[in-house]
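Results of the structural survey
What follows is each chain in one-letter form.
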Amino acid sequence: MTRKEAREAGFIIIFEHEFQKLDADSLLELYYEYREEVEGQKEYLENLVRTTLSHLSEIDEQIEKNIRGWALSRLSKVSLATLRIGICELLYNPEISAGVAINEAVQLAKDYEGEKASSFVNGVLSSVNKANQ
């Protein structure tokens, strides 16, 4: 598993959290149950999921501050999961540059929801990054 694949797996797990409302360990266990290849970036994946969920209220607060004219409840689950992963990397993972965190989240939004969502995610994450520098 590459770092990019680990990030995508983290996105999938955070997306699933919106429906299951399970803790990080339970969500990871569920993910591993259906995946054969998880070696390589397993530690990164687990850290990303645990950090995102442990800071979820602060991450959601950052989203709310930067979505101007929107409510968190109106965001698609895909955009929400993408923003949560991106903000987690921006604020809580100093080894990932802001540019990489934003670009990877934008690519996830593009792959899973389309061009319009990727522009939205880019704008929100850029605002969060500027506000937290």
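Refer to the structure above for everything that follows.
Read on for an overview of the structure. (Residues numbered from 1 in each chain as written. Predicted model: local features only at pLDDT ≥ 70, side-chain atom pairs only at ≥ 80, totals over all residues. Heavy atoms only, no water.)

**Notes on the packing of aromatic side chains**
For the structure shown, the criterion picks out five aromatic pairs. Here Phe11 and Phe15 contribute two aromatic rings whose centre-to-centre distance is 6.4 Å and whose plane-to-plane angle is 35°, an arrangement assigned as tilted. Of this pair, Phe11 and Phe15 are both found in helix H1 (residues 3–20), four residues apart, which corresponds to roughly one turn of the helix. For Phe11, a relative accessible area of 2% translates into the label buried. Relative accessible area serves as the criterion here: at 26%, Phe15 is assigned to the partly exposed category. Above the face of the Tyr44 ring, Arg3 is positioned so that its terminal group lies 4.2 Å from the ring centre. (Phe/Tyr/Trp six-rings, centres within 6.5 Å; stacked < 30°, edge-to-face > 60°. Helix = DSSP H or I, 4+ residues; strand = E, 2+ residues; numbered from the N terminus. Buried < 20%, exposed > 50% of the residue type's maximum accessible area, 1.4 Å probe, protein only. Lys NZ or Arg CZ within 6 Å of the ring centre and 35° of its normal.)

**Comments concerning the packing of helix H4 (residues 56–66) against helix H5 (residues 77–92)**
At their nearest, the axes of H4 and H5 sit 10 Å apart, and the two run at 105° to each other. Taken as axis vectors, H4 and H5 run roughly perpendicular relative to one another. On H5, the residues touching Leu56, Glu58, Ile59, Asp60, Gln62 and Ile63 of H4 are Leu80, Leu83, Arg84, Ile87, Cys88, Leu91 and Tyr92. Grouping the constituent residues of the contact of H4 with H5 by class yields nine nonpolar, one polar and three charged. (Axes fitted to C-alpha atoms, helices over the stretch in contact; angles between N-to-C directions. Parallel < 35°, antiparallel > 145°, perpendicular 65-115°, else oblique. Contact = heavy atoms within 4.5 Å. Nonpolar A, V, L, I, M, F, W, Y, C, P; charged D, E, K, R; others polar.)

**Side note on the nonpolar core**
If you look at the biggest cluster of nonpolar residues, it comprises 41 residues, and the most contacted ones within it are Leu45, Val49, Ile63 and Leu125. Taken together, the elements giving at least two residues each to this core come down to H1, helix H2 (24–33), helix H3 (42–54), H4, H5, helix H6 (98–113) and helix H7 (115–131). The element contributing the most residues to this core is H5, with eight residues. Setting aside its immediate chain neighbours within four residues, Val49 contacts Gly10, Ile13, Ile14, Ala24 and Leu28. (Core = buried A, V, L, I, M, F, W, Y, C linked by side-chain atoms within 4.5 Å.)

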